[in-house]
Amino acid sequence: MGTPRTAKLWIGLVLAIGLVAGAAGSAGASDFLVRDGNFEYPKLPAGGAGSFSKGDTFGAWSVTRGTAQLFTAVPGQAKPRQGAQFLALNGLPTGNGAKICQNLPGLIEGGDYTLSLAAASLNPISSSTDYSTFDVRINDIRIGFLDLNAALPAKWTHASFGFGANLPHEKLCIEGIGSSTFTFPLIDALSIKRVES
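### Quick look at the overall build of the protein
Helix and strand counts for the protein come out as one helix and 12 strands. Secondary structure elements of the protein, listed N to C terminal, follow the sequence α-β-β-β-β-β-β-β-β-β-β-β-β. A total of 197 residues make up the protein; the buried ones form 42% of that total. Long-range pairs, those at least 24 residues apart, make up 72% of the contacts in the protein between residues at least 6 apart in sequence. For the protein, the accessible area works out to roughly 10,400 Å², and carbon and sulfur atoms hold 59% of it.

Shown next, in the form of structure tokens:
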């Protein structure tokens, strides 16, 4: 005796859901190791800005030094590289930069990964001689460094850095320092993907 039609339909539906869930799970594991890499949370109104100091959290990020500021766009000066918002690691009012961190769960121990980000340096007053530096670390080990001249408007630069995961949970920190009080290290479009062998 054959399998009833309703049972066949149910089995097919379960298999289809399982395939979709499996595909979504593998995509999520690869594409979303960094949470809020586009700095979209909290969502700001058009033309808005948000300021976060040491000890504050926003989205999946924690500020561990200085002051970080979220922006939607600053006409004539800077706009997001991806999405609707970007982050300035400017450290105002002291001008000594800022550092943000988040924990990365779901890494495969011994796996190889690539971290990609967009970075820029903005100084709306004197862009000819100023610059910003960016330090990228996993568990306090430097995996990347950038030194970018300031520009007006800001010019995004894409950079990628490789690292190996020693543990299933690692800590990612990014520090930006401007050469003067009004030099803004900007970051956006940050992602981590596993390098498939």
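### Focus on the state of the cysteines
Two cysteines form a disulfide when their sulfur atoms are joined by a covalent bond. Throughout the structure, instances matching the rule amount to one disulfide. Covalently, Cys 101 is tied to Cys 173 through a disulfide, its sulfur atoms 2.0 Å apart. Handedness of the Cys 101-Cys 173 disulfide follows from its S-S torsion of about 110 degrees: it is right-handed. Of this pair, Cys 101 sits in strand β6 (residues 98-104) while Cys 173 is found in strand β11 (residues 170-178), placing the two residues 72 residues apart along the sequence. The burial state of Cys 101 is the same as that of Cys 173; both residues are buried.

### A closer look at the sheet that holds β11
Judged by pairing direction, the sheet is antiparallel, and its six strands sit side by side in the order β2-β3-β6-β11-β8-β9 without closing on themselves. Two strands in the sheet have a free side with no partner beyond their single neighbour: β2 (57-58) and β9 (141-149).

### Notes on the environment of Thr 64
Along the chain, Thr 64 turns up in strand β3 (residues 61-65). Linking Thr 64 and Lys 54, residues 10 residues apart in sequence, is a C-alpha distance of 5.0 Å. The contact partners of Thr 64, leaving out residues within four places of it in the chain, are Lys 54, Lys 99 and Cys 101.

### A word on the side chain of Glu 170
Mapped onto the elements, Glu 170 comes out in strand β11. No salt bridge is formed by the buried Glu 170; the nearest opposite charge belongs to Lys 171, separated by 11 Å. A polar contact is formed between the side chain of Glu 170 and the backbone nitrogen of Asn 166, at a distance of 2.7 Å. A distance of 3.1 Å separates a polar side-chain atom of Glu 170 from the backbone nitrogen of Leu 167. Sequence-distant contacts of Glu 170, that is, excluding residues within four places in its chain, are made with Gln 102, Asn 103, Leu 104, Leu 107, Ile 138, Asn 139, Gly 164 and Ala 165.

Reading the values: the criteria
Residues numbered from 1 in each chain as written. Predicted model: local features only at pLDDT ≥ 70, side-chain atom pairs only at ≥ 80, totals over all residues. Heavy atoms only, no water. Helix = DSSP H or I, 4+ residues; strand = E, 2+ residues; numbered from the N terminus. Buried < 20%, exposed > 50% of the residue type's maximum accessible area, 1.4 Å probe, protein only. Contact = heavy atoms within 4.5 Å. Areas by Shrake-Rupley, 256 points an atom, 1.4 Å probe, with all protein chains shown as cover. Disulfide = S-S within 2.5 Å. Pairing = 2+ DSSP bridges. Lys, Arg positive; Asp, Glu negative; His and termini not counted. Salt bridge = Lys/Arg side-chain N within 4 Å of Asp/Glu carboxyl O. Polar contact = N/O pair within 3.5 Å; in protein donor to acceptor, adjacent residues only side chain to side chain.

As far as function goes, none of this settles anything; it's purely spatial.
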